[in-house]
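Chains, contacts and geometry: an overview
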Amino acid sequence: MKIITAVFVVLAIGCFSNAYGVTFNQEVNAYIQNLEKQAKQQDPSFKGFSAERGKQIFFDQQPHQKLGKISCTSCHTDDVRKQGKNAKTGKVIEPIAPSANPKAFTSVKNLEKWLKRNFNDVYGREGTAKEKGDSILYISQY
Ligand code: HEC
């Protein structure tokens, strides 16, 4: 029993580097693996997530009814290690880079909620699995 408990504790709190060399907890690693599976299903030529494409997604400006233009940088600035400011509400946003915010990329529920909302704000639709994985890889390098 003790051994089983110990193994469980290690699995539950342990952090693992994934195929991209980025360290997340197991819950987030499993989420990224799942995004990979979906991306592959949607596009058989998919070869893995790319921080380069993620950067493009992050900086690409889109037309916006109220703000004129919007991109991920409108709220998160062009440096994910810095505090941002919500372009819609004016509220301060804590940095989303793991190096600057220990809470970043620790909860799948939170990640899903904000990616869905944020992609809708910028691109007027939900992000695809590939776009979400690319964005995560870009941001989590910092
Ligand atoms: C209108 C403002 C706004 C825009 C535009 C925006 N975000 Fe966000 N984002 C937020 C807010 C607010 C949070 C929540 C911060 C918190 O939990 O304190 C957030 C959180 C996140 C998180 C969560 C990190 C974590 O693990 O908790 C990620 C990832 C993220 N944004 C990525 C993006 C990407 C990619 C884009 C562009 C497609 C984008 N954001 C555009 C406001 C924005």
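Our subject in this report is the structure included herewith.

All told, the structure shown has eight aromatic pairs when counted by the stated rule. Counting every residue linked through ring pairs, the aromatic cluster contains Phe-58, Phe-59, Tyr-138 and Tyr-142. Its guanidinium or amino end placed over the ring of Trp-114, Arg-117 lies 4.7 Å from that ring's centre, counting from NZ or CZ.

The ligand sits among 19 residues. The nearest are Cys-72, Cys-75, His-76, Phe-105 and Asn-118. With respect to the ligand, the side chain of His-76 contributes an N or O atom lying 2.8 Å from a nitrogen atom. Within the contact set of the ligand, an oxygen atom lies 2.9 Å away from a side-chain nitrogen or oxygen of Asn-110. When atom positions are compared with the pocket grids, the ligand is found to occupy the largest pocket. Where the shell around the ligand is concerned, the elements lending two or more residues are α4 (73-76), α5 (108-123) and α6 (129-140).

Tallied over the entire structure, the rule returns five salt bridges. Note that Asp-79 is salt-bridged to Arg-81, the shortest N-O span being 3.0 Å. Using a relative accessible area of 44% as the deciding quantity, one classes Arg-81 as partly exposed. Glu-112 is the salt-bridge partner of Lys-132, the closest N and O atoms lying 3.6 Å from each other. Here Lys-132 is found in helix α6, whereas its partner Glu-112 is found in helix α5, with 20 residues between them in sequence. Glu-112 gets classed as partly exposed once you look at its relative accessible area, which sits at 35%.

Another point: empty space enclosed by the protein. By the definition in use, this model includes one cavity of 30 Å³ or more. Empty space within the largest cavity amounts to approximately 40 Å³. Every residue lining the largest cavity is listed: Asn-18, Tyr-20, Phe-24, Ile-32, Phe-49, Gly-133, Ile-136, Leu-137 and Ser-140. Per-class residue counts for the lining of the largest cavity are six nonpolar, three polar and no charged.

Calculation notes
- Residues numbered from 1 in each chain as written.
- Predicted model: local features only at pLDDT ≥ 70, side-chain atom pairs only at ≥ 80, totals over all residues.
- Heavy atoms only, no water.
- Phe/Tyr/Trp six-rings, centres within 6.5 Å; stacked < 30°, edge-to-face > 60°.
- Lys NZ or Arg CZ within 6 Å of the ring centre and 35° of its normal.
- Near = heavy atom within 4 Å.
- Polar contact = N/O pair within 3.5 Å; in protein donor to acceptor, adjacent residues only side chain to side chain.
- 1 Å grid on protein atoms, 1.4 Å probe; cavity = no way out; pocket = protein on both sides within 12 Å on 5 of 7 lines; lining within 4 Å.
- Sits in = over half its atoms within 2 Å of the grid points.
- Helix = DSSP H or I, 4+ residues; strand = E, 2+ residues; numbered from the N terminus.
- Salt bridge = Lys/Arg side-chain N within 4 Å of Asp/Glu carboxyl O.
- Buried < 20%, exposed > 50% of the residue type's maximum accessible area, 1.4 Å probe, protein only.
- Points joined across faces, edges and corners; volume = space filled by probe spheres on them.
- Nonpolar A, V, L, I, M, F, W, Y, C, P; charged D, E, K, R; others polar.

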